[in-house]
Amino acid sequence: MPASALGELLRMAGMDEPAPGEVVFTGADPVFPTRYRVGTAGAAALAAIGVAASELWRLRSGGGRQRLGVDIRATAASLRSSRYLRVNGAPPSEVWDPMSGFYPVAGDRWLSIHSNFTAHRKAMLRVLGTAADRAAAEEASRRWDGNELEDAIHAAGGCAGLARQPAEWALHPQSAAVAAQPLIEITRIGDAPAEPLRAGERPLSGVRMLDLTRVLAGPTCGRTLAEHGADVLKIGAAHIPDMKITEIDTGVGKLSALLDLRKPDELATLRELLREADVFSQSYRPGTLAARGFSPEDAARLRPGVVCVSLSAWGGTGPWRNRRGFDSIVQTVSGMAFEHGSKPRYLPVSAIDHVSGYLMAFGTIVALGRRAREGGSWLVRVSLARTGRWIMDFGNLADAAIAGVAAELPAQEIERLTTEIDAPVGRVRHLKPVLSMSETQPRWTRPPVPAGYHRACWP
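No experiment lies behind these values; they were computed from the predicted model shown.

Student: How would you explain the nonpolar core if you had to name every residue and give the values?
Tutor: Counting residues in hydrophobic clusters, the biggest one holds 92 residues, and the most contacted among them are L9, I184, W314, F362, W390 and I391. At 13 residues, the largest contribution of residues to this core is made by helix α2 (residues 38-61). Among the nonpolar cores identified, the runner-up in size contains 22 residues, and L267, L274, C308 and L379 belong to it.

Student: Could you give me a rundown of unusual backbone geometry, with the residues and numbers involved?
Tutor: A cis geometry characterises the amide bond from D29 onward to P30, with omega recorded as 0°. Examined against the element boundaries, P30 turns out to sit in the loop between β1 (23-26) and α2. In this model, D108 sits at a positive phi of 55°, which is unusual for a non-glycine residue. Mapping D108 onto the fold places it in the loop between β4 (101-105) and β5 (109-113). One non-glycine residue, V215, lies in the positive phi region at around 70°. The topology assignment puts V215 in the loop between β8 (208-212) and α9 (217-226). Overall, the relative accessible area of 15% leaves V215 in the buried class.

Student: Tell me about empty space enclosed by the protein, and name the residues and values.
Tutor: To find the voids left in a structure, one rolls a probe of water-molecule size over its atoms. This model, assessed by the stated rule, comprises two cavities of 30 Å³ or more. Estimates place the volume of the largest cavity at around 150 Å³. What lines the largest cavity is a set of 16 residues, and nearest its centre among them are R223, E227, Y358, K432 and W444. Of all the secondary structure elements, the ones that give two or more residues to the lining of the largest cavity are α9 and β15 (426-431). For the lining of the largest cavity, a count of residues per class yields eight nonpolar, four polar and four charged. There is about 60 Å³ of room inside the second largest cavity. Taken together, K234, E247, T250, G251, K254, L255, S256 and V449 make up the lining of the second largest cavity. Only α10 (244-250) and β10 (254-258) provide two or more residues apiece to the lining of the second largest cavity.

Cut-offs used in this document
- Residues numbered from 1 in each chain as written.
- Predicted model: local features only at pLDDT ≥ 70, side-chain atom pairs only at ≥ 80, totals over all residues.
- Heavy atoms only, no water.
- Core = buried A, V, L, I, M, F, W, Y, C linked by side-chain atoms within 4.5 Å.
- Buried < 20%, exposed > 50% of the residue type's maximum accessible area, 1.4 Å probe, protein only.
- Helix = DSSP H or I, 4+ residues; strand = E, 2+ residues; numbered from the N terminus.
- 1 Å grid on protein atoms, 1.4 Å probe; cavity = no way out; pocket = protein on both sides within 12 Å on 5 of 7 lines; lining within 4 Å.
- Points joined across faces, edges and corners; volume = space filled by probe spheres on them.
- Nonpolar A, V, L, I, M, F, W, Y, C, P; charged D, E, K, R; others polar.

Here you go:
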């Protein structure tokens with residue numbers, strides 16, 4: 001199954017399928033107790049990254065294609081990589097806000113509310129009319145119709161999703177819009193001369209990426225490009241909250257700087273950075289950066305030949321196209337949260353987030369290859385909801401297949417999958433890259449750093 005999924009991804013990108021034996025998959029789902037084939041989906045996306053990176057290396061070096069390997073068990077672990085993060089031997093403190101999660105609503109239904117960010121938490125509390133007390137908030141939510149509370153929280157600037165069975169979601173207009181969207185869009189958005197790949201020892205050597213994403217999917221894309229040699233500069237802002245555990249986990253291999261885009265001089269700094277960038281990746285809510293002059297078309301005019309990468313929750317079509325969304329919310333509204341019974345619960349891995357990040361990285365590398373061969377500026381678009389549908393399309397494992405599957409990997413397996421690096425925050429243990437390549441083995445050369453550790457400039 002991962003081989004056929006890999007072929008599907010390569011065909012979407014107009015790439016040839018690998019020769020027999022060129023890509024080897026090991027292991028199989030289930031790795032964790034979920035009926036979804038999350039390891040298979042992630043492994044296919046990682047293998048596609050490998051094929052695209054191998055092709056970019058062939059363009060650079062003139063050599064042949066590389067032999068690739070992907071371990072499905074290691075892939076599944078990578079879909080919850082922060083779980084295996086250790087700083088000075090200890091796990092970081094939990095980032096899941098106690099006010100986040102499933103709330104009862106009228107009609108014995110459930111609503112997932114995301115409140116891990118302060119603004120979202122305040123929004124949901126304003127709507128419910130309570131203090132930050134979980135019992136009081138649940139008592140208030142019981143008096144609401146689920147659809148109405150979902151809409152009210154979004155209207156207030158928060159984020160929530162009514163738990164729907166797959167059949168109910170299939171009737172929703174946003175579901176129809178998502179179903180019609182491509183899994184990955186790679187579109188030429190401007191003219192520019194072909195750009196030969198710069199000299200270097202790795203597939204993405206010399207490639208500069210501006211990473212204006214946060215949480216998991218977008219940062220996973222940047223971390224993945226860094227493991228193939230890209231210089232990735234993460235741009236955050238002091239006034240925008242982050243999730244520190246994920247900042248460390250997805251910050252491996254990156255530089256990190258802060259810019260306040262409300263200030264004209266710092267907005268000008270971002271423009272100057274973009275003029276020298278190859279990739280501009282962002283996951284702001286649709287329209288947010290465009291209002292500041294950083295739409296994909298603006299970026300292509302400012303830096304002809306740029307590859308813009310855009311992540312959204314729901315894609316560019318449908319009534320929810322401008323709504324906020326997270327992995328947990330997509331799971332909830334699409335029916336994935338009902339995989340094991342009548343009460344919803346989240347998957348044991350953040351598969352939608354991480355696989356979306358891998359698909360973004362794959363599309364980016366494909367676009368860089370097209371730029372090298374034919375020129376042009378490019379736009380790569382991925383949405384969480386469409387990735388979730390793709391994972392569901394793999395079909396469910398039978399209950400018997402996951403009976404007795406352990407909730408965690410054995411300690412010795414975790415030890416084999418992780419490595420350590422000295423960082424400004426201490427000694428960090430994190431997962432190794434999953435993908436193996438015969439000539440340009442993926443690796444990171446920079447440790448994770450606190451947000452804003454570096455100046456906003458290219459190395």
